[in-house]
Amino acid sequence: MPSRPQPHSLEPELAPGRPPLLHIPTPGDPRDWAAGHRDALRATVAEHGSLLVRGLGLTDPAGTGAVFRELADGLLTELETFAPRQTLADGVLSATKWPQNQQMCPHHEMSYALRFPGLMLFACLTAPAEGGATVVADSPAVLDALPADLVKRFETEGWLLTRNYNEEIGASVAEAFGTDDRAVVEDYCRANAIEFAWQPDGGLRTRQRRSAVVRHPVSGRRCWFNQVAFLNEWTIAEEVREYLLDIYGADGLPFNTCFGDGEPIGEDVVRLLNEVYEAHALREPWQPGDLLLVDNIRTAHGREPFEGPREVLVALADQVRLSDCSPTIEVTAP
């Protein structure tokens, strides 16, 4: 049975299969409540890796942004995005535009970058009719559950992300880098250890090698931290994958992941990764007004397929540098 908190307690309910859940009484002004409980909320996230707050009554982007800013140490601008987002308020983004009938497997936001959010903030304004939960999974537990030889290979080699930017699918160069000025894009790539090559059709192809296992900069715990499965061709729905291969070819997929030495990652490995994520997944259906805080290094997050309208707002917060997380491979950048 779930442990029931006392009225006005900040002790969350802990129940198998669900993220820590904190029911709060009518808070009055959500921003004031968040400001008054900031330290307690962040301490709970540090302890458990995530926290769902229910009863805060978030209803609009402006008010949600005010709460996000009270809880964060700074909101970030997303770069190298994979799918377009809308900016709805200062630092407040729409959820990634991902087909609602497809699973978004657990991953760590911007784990392909040299700087990434340490904290993710989500708020539900409209809950879907069915499905659509934001799933979370403890990355140290996922790491411990993976075969030792597979972990060793990823620790030794890291993982390789390849991308092909075009104007037809996924984020364009301008959407991913905030500009279509080639010189600015090239400077960003050089500064962030990204190999790049402009294609004859004007598209951009990039490669970047990153650590798959890091240490949490505060707790020191080893974490499985990457997007190896999420951005791999074998996670894409079969009919979509076949279409993309037919149109773009194996080397022209919008994105794909490999072992750090460039060897393709087999379907069996991707299936195993997704099975381990599912075995450690925690989920709770969204209710309007909910707030979810996620330690982006300690905890992976994903999204279930859904039916009906769904509006979940997102903020990327608390910038962390990869170099502060004991990466297992060397990344050379100025």
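Before reading further, recall that the structure is shown in the block above.
Residues numbered from 1 in each chain as written. Predicted model: local features only at pLDDT ≥ 70, side-chain atom pairs only at ≥ 80, totals over all residues. Heavy atoms only, no water.

(A) Main features of a negative patch on the surface. A cluster of acidic residues, Glu167, Glu168, Glu175, Asp180, Asp181 and Asp201, forms a negative patch at the surface. With respect to the helices, strands and loops of the structure, Glu175 is situated in helix α6 (residues 173-177). According to the relative accessible area criterion, Glu175 is partly exposed, its value standing at 41%. (Patch = residues over 30% accessible without salt bridge, like charges linked within 9 Å, V, L, I, M, F, W, Y side chains within 5 Å. Areas by Shrake-Rupley, 256 points an atom, 1.4 Å probe, with all protein chains shown as cover. Salt bridge = Lys/Arg side-chain N within 4 Å of Asp/Glu carboxyl O. Lys, Arg positive; Asp, Glu negative; His and termini not counted. Charge placed at Lys NZ, Arg CZ, Asp CG, Glu CD. Helix = DSSP H or I, 4+ residues; strand = E, 2+ residues; numbered from the N terminus. Buried < 20%, exposed > 50% of the residue type's maximum accessible area, 1.4 Å probe, protein only.)

(B) Quick peek at helix α9 (residues 267-279). In this model α9 runs 18 Å from its N-terminal to its C-terminal C-alpha over 13 residues, within 8% of the 18 Å that 1.5 Å per residue would give. All of the buried residues along α9 are Val269, Val270, Leu273, Val276 and Tyr277. The buried side chains of α9 occupy one side of the element, clustering within an arc of 125° when seen end-on. Exposed positions of α9 whose direction lies more than 90 degrees from the buried face are Asp268 and Ala279. (Expected span 1.5 Å × (residues − 1). Arc of directions from axis to C-beta.)

(C) Focus on unusual backbone geometry. Unusually for a residue other than glycine, Asp318 sits at a positive phi of about 60°. Among the structural elements, Asp318 can be located in strand β19 (residues 311-321). Exposure remark for Asp318: the relative accessible area of 12% places this residue in the buried category. Backbone geometry at Ser326 places phi at a positive 50°, although glycine is not the residue there. Looking at where Ser326 falls in the secondary structure, it is placed in the segment after β19.

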